[in-house]
Amino acid sequence: MNVRKLPAPMKRVVHLGSRSYGRLTSEHRMLPSFLICGGQRCGTTSLYRALAAHPVVLKAVLHKGVHYFDTSYHRGIDWYRAHFPGRRTGERIAGKYGVPAQTFESSPYYMYHPQAVARIARDLPYAKIVVLVRDPVERAYSQHHHEVARGFETERDFGAAVALEPARLHRQEERLAADPEYYSFAHQHHAYRARGEYARYLSVMAQHVGRERIHVVESERFFSDPEPVYDEVCAFLGLPPNLERPVFEQHNARPRQADMDPLLRRDLHAYYQSHDEALAGWLGHTPIWRRR
């Protein structure tokens with residue numbers, strides 16, 4: 001049954017039933033050995049589907065993104081386990097291919113939520129993390145269009161939304177860091193400029209899990225020449241080479257209604273210069289979007 005094609009009410013029933021069953025069998029279920037943690041609008045869905053096609057990789061049962069370590073941590077680890085395949089399934093895969101099976105999920109907000117990475121380090125102490133980064137100016141513009149389309153953003157002008165960002169996010173990160181039960185809609189959906197400060201988030205991530213467990217991918221490279229990037233990710237994750245290459249496609253791309261205002265583009269490009277210079281230390285070279 002293809003759950004994605006079901007009507008929304010039926011999807012909810014299927015998901016509720018699956019999670020209830022999953023909780024009852026949670027002790028017999030796998031936990032992720034790796035996560036795709038961001039960034040948002042950087043090609044995470046495309047990479048998720050490519051990795052899910054690997055013969056020894058088992059994806060999350062219901063959703064690409066479980067959002068446990070950011071917005072659902074209060075539900076507990078049994079709730080989280082309920083989203084993943086059973087250990088017997090993993091054992092069958094391991095027996096067939098001679099290497100351990102792996103499972104994973106992709107929740108881009110993990111990269112940004114102030115408590116998420118510490119929770120990951122505590123509950124998944126050996127999990128590896130894959131992060132995608134993209135031209136932060138294009139990423140911000142794409143996110144705004146995405147949030148408007150989903151009804152999460154009422155300000156349809158991108159420049160106006162960026163101008164509102166400081167007021168919307170005022171002290172939200174502090175409150176999220178201080179209160180594990182606090183939720184900020186603005187922090188999750190309106191941090192257009194802040195989310196492109198990649199090196200800041202990567203630095204925090206490294207403090208918790210160690211730099212050696214983080215692999216950073218430039219989205220532009222992945223979309224223009226996906227096979228070597230895919231091979232690099234597989235090598236980092238300890239996955240054997242996939243003889244049957246997945247179909248590399250872009251998912252969740254949205255057509256643009258208009259071009260960005262040139263002055264705003266210039267201002268944002270200048271704003272990210274120091275952040276991009278810091279990111280170069282992670283990539284080992286100047287980011288692709290700075291070479292143009």
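Residues numbered from 1 in each chain as written. Predicted model: local features only at pLDDT ≥ 70, side-chain atom pairs only at ≥ 80, totals over all residues. Heavy atoms only, no water.

K.L.:
What is the right way to look at the packing of helix α10 (residues 198–209) against helix α14 (residues 273–283) in this model?
P.N.:
At their nearest, the axes of α10 and α14 sit 8 Å apart, and the two run at 45° to each other. By the angle between their axes, α10 is oblique relative to α14. Each of Y198, A199, L202, S203 and A206 in α10 lies in contact with α14, whose residues at this interface are H275, A278, L279 and W282. Residues belonging to the contact of α10 with α14 are distributed by class as follows: seven nonpolar, two polar and no charged. (Axes fitted to C-alpha atoms, helices over the stretch in contact; angles between N-to-C directions. Helix = DSSP H or I, 4+ residues; strand = E, 2+ residues; numbered from the N terminus. Parallel < 35°, antiparallel > 145°, perpendicular 65-115°, else oblique. Contact = heavy atoms within 4.5 Å. Nonpolar A, V, L, I, M, F, W, Y, C, P; charged D, E, K, R; others polar.)

K.L.:
Sorry if this is basic, but what is going on with the nonpolar core here?
P.N.:
Nonpolar side chains in soluble globular proteins tend to end up buried together. If you look at the biggest cluster of nonpolar residues, it comprises 65 residues, and the most contacted ones within it are L51, F69, Y80, Y110, L202 and M205. Counting eleven residues, the second largest nonpolar core, distinct from the first, contains V137, F158, L264 and Y272. (Core = buried A, V, L, I, M, F, W, Y, C linked by side-chain atoms within 4.5 Å. Buried < 20%, exposed > 50% of the residue type's maximum accessible area, 1.4 Å probe, protein only.)

K.L.:
Help me out: how do you make sense of the pairing of strand β4 (residues 128–133) in this one?
P.N.:
Of all six residues that make up β4, five are buried, and the element is covered over most of its length. In terms of strand pairing, β4 meets strand β5 (residues 214–218) through five bridges, oriented parallel. Bridge pairing in β5 places V133 opposite E218. (Pairing = 2+ DSSP bridges.)

K.L.:
What am I meant to see in the environment of P85 here?
P.N.:
As for its position among the elements, P85 is in the loop between α3 (77–81) and α4 (87–97). Each C-alpha atom, one on P85 and one on P32, is 9.8 Å from the other, the two residues being 53 residues apart in sequence. Ignoring any residue separated from it by four or fewer positions in sequence, one finds P85 in contact with R29, M30, L58, K59, V61 and T103.

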